[in-house]
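In case you want the letters, here they are:
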Amino acid sequence: MLAPVRSLCVYMFRSLTVRMNSPYFTDSTSGLDTSSNDRMGESAVNKGGIRRLRSRMAQGLKSEDDPPKVKAEVLEQSISLQTHAQPPTGQMNCTETVSNCKKTTIKVKEEAVDNQAIVMSSRKTRRGSLKVEYEEEGAGLKREPCDWRTQLSFIREMRSKRNAPVDQMGAEKCYDTEAPPEVRRYHVLISLMLSSQTKDLVTAGAMQRLREHDLSVDAILNMDEETLGKLIYPVGFWRTKVKYIKQATALIQQEFGGDIPDTLEGLMRLPGVGPKMAHLAMDIAWNQVSGIGVDTHVHRISNRLGWTRKKTKTPEETRRALEEWLPRDLWSEINWLLVGFGQQVCLPVGPLCSVCLNQHTCPAAHQSSPRKRLKSSPASPTPKVKGNLGHEEPRGNRQKGKAGAPPSGQTSVLHSA
């Protein structure tokens, strides 16, 4: 009876002794351990292990709020630093170890945040530079029509003979080459004023008659309006042009010393002088390119070739549209090129698209005259002259009848011209 009880007590005593000797349940103050020196060292080490485990778990919980990439890097670096910070032998100061680990963790976090901020700032900088570069390119970019250089080279080829009416009787050919410079410039201005709504053949005849009667500032001021009207008839709107010539000549004498103005603003102050005449006068008379001279031919051809962003309604709109992209060194050439081209090939009514070299690139080709054929060479057309020197009376004069009648005694002047 006593044997089983004794064996049970021995088993319980041995089990309790084993559990008490376990490193996780050993206490330095326990009276069950007899070897105090060795056991106290082991107890301190075990207590430090428990605290390190708890600190690691606490740090893992605190770092859950951080970004995934930063938390993983910080956790790995903090664990590796704690592992290398442990002394190989002897006791460990747990408070210093935990504080060092916290400082290291904060430093690593700060470095990670700084690196992330550098990456974000570099990305923002790159995006900003791309945007600025794009804006600069957009600001400096000029919209150029497709194939405009090829079309211009073809127009030069078709105008190579220079036998259009503008080449023989334009403003550059109507002044007296032997006259003083200020008189020559005055001739250029008067020829431009007469050429509005008038064919070159009629303008050349009127200029010839004026030069025979001493075309100068003083001579025009001393001439009465009736005589001046007889000399310039049958140019378009000749009655209105008589008044404009007299007023402009008086202003030239009073404010500009007998010579035409040498600025665009000064020329446009003269009665009857618009932007086209002012730009052409600056180019021909003063040899200064201030803009493109756009008349009906340049206005029509530019719209047909698609050289404007949209269809323009006035020559002034066409001038602004062309000056946006056309190189400045072509501004002086483009007028006489397109005017002669419009007089020979790209006619206002019935353009000769079949013989034009730009018929495959022109958007308006074959729209108005798909079957039109040129009977003679476009370089040497045969103009059809009707009435007095090929003059086509203005529409308003044809409707009123007597408004376009020549002044008294004009018949002999016309036949003599």
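The notes below deal with the structure included here. (Residues numbered from 1 in each chain as written. Predicted model: local features only at pLDDT ≥ 70, side-chain atom pairs only at ≥ 80, totals over all residues. Heavy atoms only, no water.)

What follows covers unusual backbone geometry. Cis geometry marks the peptide bond from tyrosine 233 to proline 234; its omega dihedral reads 15°. At aspartate 147, a position not held by glycine, the phi torsion is positive, near 65°. Within the element layout of this structure, aspartate 147 appears in the loop between helix H4 (94–140) and helix H5 (148–158). Its relative accessible area of 45% is what places aspartate 147 among the partly exposed residues. Of note, the phi angle at glutamine 197 is positive, near 55°, even though the residue is not glycine. The residue glutamine 197 is located in the loop between helix H7 (181–195) and helix H8 (200–212) in this model. (Helix = DSSP H or I, 4+ residues; strand = E, 2+ residues; numbered from the N terminus. Buried < 20%, exposed > 50% of the residue type's maximum accessible area, 1.4 Å probe, protein only.)

What follows is about the side chain of aspartate 259. Counting through the fold element by element, aspartate 259 comes out in the loop between helix H11 (238–255) and helix H12 (264–268). Residues in contact with aspartate 259, not counting those within four places in the same chain, are Glu182, Arg185, Ile252 and Trp286. (Contact = heavy atoms within 4.5 Å.)

This part covers the packing of aromatic side chains. The full count for this structure, using the stated rule, is three aromatic pairs. Where tyrosine 233 meets tryptophan 238, the ring centres are 5.6 Å apart and the plane angle is 90°; that geometry is what we call edge-to-face. Across the pair, tryptophan 238 and tyrosine 233 agree in class, each one buried. Measuring from centroid to centroid gives 5.9 Å for tryptophan 307 and tryptophan 325, while their planes differ by 85°, and the two rings are edge-to-face. In this pair, tryptophan 307 is assigned in the loop between helix H14 (296–305) and helix H15 (315–323) and tryptophan 325 in the loop between H15 and helix H16 (331–344), connecting sequence segments 18 residues apart. Accessibility expressed as a relative area gives 1% for tryptophan 307, which makes it buried. (Phe/Tyr/Trp six-rings, centres within 6.5 Å; stacked < 30°, edge-to-face > 60°.)

What follows is about a nonpolar patch on the surface. Taken together, Leu8, Tyr11 and Met12 make up a surface patch of nonpolar side chains, about 370 Å² in accessible area. By relative accessible area, tyrosine 11 is classed as exposed at 58%. (Patch = residues over 30% accessible without salt bridge, like charges linked within 9 Å, V, L, I, M, F, W, Y side chains within 5 Å. Areas by Shrake-Rupley, 256 points an atom, 1.4 Å probe, with all protein chains shown as cover. Salt bridge = Lys/Arg side-chain N within 4 Å of Asp/Glu carboxyl O.)

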